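Each chain, written out:
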Amino acid sequence: MANHTASSCPTPFLSAADYTNGGYVDGRLCKQVGLDVCCLPCPMTDWAYPDSFNTVGLAAEWVAVLSTVCTGFLLLSWAVLPVDKTYRHYLSICLTTAVLFMNLGFVIPLAAKPAQCFDPITPNSMETSPVCAASGAFLILGGWGGVLWVFLRALSLHLQICWQVVVGRNFMWFSQAAGWGIPVIGVVLALVLSGVSFRFGATCHINHKSSLADLWVPLLVFAGLTIIIQFATFGYCIKVYLASLADNSASTEGSNLPSYTNSIRTMTPKQAYRRVRRVIQLQWRGIAIVLIIITDVVFFSVVFVFQDNTSEALKHDETLAADWIVCLAINKGNKVPCLDLAKPLVVNQATVGAVLLLLAMNGIWLVLLLGRWTMATGWIDMFLSGSDRSKREFVSVDARLDDFKKDTRSYEMLSRDSGKMMDDSVTPSVVTPISPAYRSPLRSPSAHRESTGSANNDGRRTPDYFGQTVRYHAPARSFSSPRPPPPSGQMSPQPAHTVTWDARDTYARSPRQAQYPDEDDYVNPLGMNRI
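Residues numbered from 1 in each chain as written. Predicted model: local features only at pLDDT ≥ 70, side-chain atom pairs only at ≥ 80, totals over all residues. Heavy atoms only, no water.

- The chain has the name G-protein coupled receptors family 2 profile 2 domain-containing protein in an unreviewed UniProt entry, where Podospora appendiculata is given as its organism.
- What UniProt states about the chain under its Subcellular location (unreviewed entry) heading is, verbatim, "Membrane". (UniProt positions renumbered as here; feature names shortened; annotations may be inferred.)

Digging into the overall build of the chain
- Of regular secondary structure, the chain possesses 16 helices and seven strands.
- When each of the 531 residues of the chain is scored for burial, the buried share is 40%.
- Restricting the contact set of the chain to residue pairs at least 6 apart, pairs at least 24 apart contribute 74%.
- Accessible surface computed for the chain: about 30,000 Å², of which carbon and sulfur atoms make up 63%. (Helix = DSSP H or I, 4+ residues; strand = E, 2+ residues; numbered from the N terminus. Buried < 20%, exposed > 50% of the residue type's maximum accessible area, 1.4 Å probe, protein only. Contact = heavy atoms within 4.5 Å. Areas by Shrake-Rupley, 256 points an atom, 1.4 Å probe, with all protein chains shown as cover.)

Quick notes on a nonpolar patch on the surface
- Judged by side-chain polarity, Val184, Ile185, Val188, Leu189, Val192 and Leu193 come together as a nonpolar surface patch covering roughly 540 Å² of accessible area.
- Its place among the elements puts Leu193 in helix α6 (residues 169–193). (Patch = residues over 30% accessible without salt bridge, like charges linked within 9 Å, V, L, I, M, F, W, Y side chains within 5 Å. Salt bridge = Lys/Arg side-chain N within 4 Å of Asp/Glu carboxyl O.)

Focus: the state of the cysteines
- One pass over the full model with this rule turns up five disulfides.
- A disulfide bridge connects Cys42 with Cys117, and the sulfur atoms are separated by 2.0 Å. In this structure the cystine formed by Cys42 and Cys117 twists about its S-S bond by roughly -90°; its chirality is therefore left-handed. In this pair, Cys42 is assigned in the loop between β3 (36–39) and α1 (45–48) and Cys117 in strand β4 (residues 117–119), connecting sequence segments 75 residues apart.
- Residue Cys327 pairs covalently with Cys338 via a disulfide, S to S 2.0 Å. Across the disulfide from Cys327 to Cys338, rotation about the S-S bond amounts to roughly -90°, and the bridge is consequently left-handed. (Disulfide = S-S within 2.5 Å.)

So, the packing of helix α5 (residues 130–162) against α6
- At a closest axis distance of 9 Å, the pairing of α5 and α6 adopts a crossing angle of 150°. With respect to α6, the element α5 is oriented roughly antiparallel. Two packed elements cross with a definite hand, and for α5 against α6 that hand is right-handed.
- For the contact of α5 with α6, the class distribution of residues is 19 nonpolar, six polar and no charged. (Axes fitted to C-alpha atoms, helices over the stretch in contact; angles between N-to-C directions. Parallel < 35°, antiparallel > 145°, perpendicular 65-115°, else oblique. Left-handed = near helix turned anticlockwise from the far one by under 90°. Nonpolar A, V, L, I, M, F, W, Y, C, P; charged D, E, K, R; others polar.)

Looking at the sheet that holds strand β2 (residues 30–33)
- If you trace the three strands from one edge of the open sheet to the other, you get β1-β3-β2, paired in antiparallel fashion. The sheet is open, and its two edges are formed by β1 (14–15) and β2, each paired on a single side.
- Of the pairings in the sheet, the one linking β1 to β3 comprises two bridges and is antiparallel in character. Each bridged residue has a counterpart across the sheet, and for Ser15 the counterpart in β3 is Cys38. (Pairing = 2+ DSSP bridges.)

Some thoughts on α5
- Here α5 is 33 residues long and its end C-alpha atoms lie 47 Å apart, about the 48 Å a rise of 1.5 Å per residue gives.
- Taken across its 33 residues, α5 has 27 buried, putting it largely inside the fold.
- The positive-phi residue at the C-terminal boundary of α5 is Gln164, with phi of around 55°. (Expected span 1.5 Å × (residues − 1).)

Description of the UniProt feature "transmembrane region" (unreviewed entry) in the chain
- What UniProt calls "transmembrane region" (unreviewed entry) maps, in this numbering, to residues 62–83, 90–112, 132–152, 173–196, 216–238, 284–306 and 350–370.
- Secondary structure content for residues 216–238 is 100% helix and 0% strand, and the end C-alpha separation is 33 Å.

Thoughts on the pairing of β3
- In terms of strand pairing, β2 meets β3 through four bridges, oriented antiparallel. Paired with Val33 across the two strands is Asp36, which belongs to β3.
- Counted between consecutive antiparallel strands, the loop separating β2 from β3 contains two residues, among which Gly34 sits at a positive phi close to 65°.

Structural notes on the confidence of the model for the chain
- Mean pLDDT over the chain works out to 77, with 68% of the residues at or above the 70 mark.
- Mean pLDDT across the elements of the chain ranges from a minimum in helix α14 (residues 445–453), with 45, to a maximum in α6, with 96.
- Of the regions scoring below 50 in pLDDT, residues 250–265 engages in ten contacts with residues more than four places distant in sequence or in other chains.
- Note on residues 492–497: pLDDT under 50 across the span, and one contact to partners over four residues away in sequence or across chains. (pLDDT = per-residue confidence, 0-100.)

Here we look at α6
- With 25 residues, α6 ought to run about 36 Å at 1.5 Å a step, and its terminal C-alpha atoms sit 36 Å apart, in line with that.
- For α6, the complete set of buried residues consists of Phe171, Ser175, Ala178, Gly179, Pro183, Gly186, Val187 and Ala190.
- Contacts from the buried residues of α6 go to α4 (90–112), α5, β7 (204–206) and α7 (211–245).
- Just past α6, the residue Gly195 takes up positive phi, approximately 85°.

Okay, structure coming up:
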């Protein structure tokens, strides 16, 4: 580096002749002054924005850290906890993964704290800073993935509601190929054709060269298709709702029993409305996520493209920033009096801060809308059950409370001793079909005495409840088919057979049970639910 005192550039500008061509040379902001080329010191945001701009960027990075924790919690819960606790779905998992990649674009610079400038007038690029390359790649991959997966989510919902198509395995494989294949291709094209560098803030963004063709236009096309599909779905829902208000069909107010005529093509407006309402009640969280992600991406794209075009216009038309440059030169590098002149040249700080914060907090929206309270309870149950398993050995699910485990009488499948029943203090309040407290009238008392008489001397026996074959008893009277009424003026003929009462049909006390009172409460488990 040469001595700056010999330069003809006014303060705070530096001569480009004193520096090499390393870093992102196109990111310099320079102007020809006489025979010298004077450049604004790097980074440009330090001169065009107040000092609080760095605080806004730092706040967005810490919000991204919290968002990363939220997405990590969701992904870990979906991977570890059972599905009845998380209700996981591949559309939710892949969207959360894409948002995690986007958050890493902010978290990596916060952890690495890279130098934004290669030299005092040149910003670093992905060739000169590995941290810049990683953060820019993750940010583009997360943006592409977020747009593609909300597009696929909106498409899935549209097919289910508007076309009654049940998306299955084929749609899942198509979603995986498109949801990750297109973002990977988009990242490769963006890095090869445009590259990334420190444009504003500590996160690297795509350069201006070919960025419209390889990133912004395709990204906005998919975002526009998502918006069209989403609003088409909303329009169909409104149409179905209005049609249901005008539908006075009595058939829709009846029972919900299935019918062969109640197909999709013969569905009445009110039936269609109830079906759409059920789908929306299940998918409203996904609909909200689609709208939030699309809003963030479109907002970021519009703001960044505007900022990018403004920066390029300053390079080609020096008169646009002439007043601001003269102000900096007159005030010897004091930027405060010149901030008002710089406002037309850059996006205002509030807008940039809003964009960065909205992008950084997508993971928080995901945990609020896709997370469930059962995830927290599932983790609590898993840790508690894990500690319990480490303290005691495995016991059967038929075992009683821990206080009775030392006593063999505490097991439901073991009697106190041979030929005797368990007392009331040990018998469970809710008796299961495998408990010997149940006896069945369909099982002969002699068979029961044989099973109890063949028990071991130590009182341990397992009754053979499933060794008997249950006979089907035809009902004495049947009303399954209609019978014609008797002719008028004639008495109904007497039935050819005499209707008798069988105690087995009503589980009442039979003479046999009256003779053996100790067998009254025995119920065969195979006959408990007989109709």
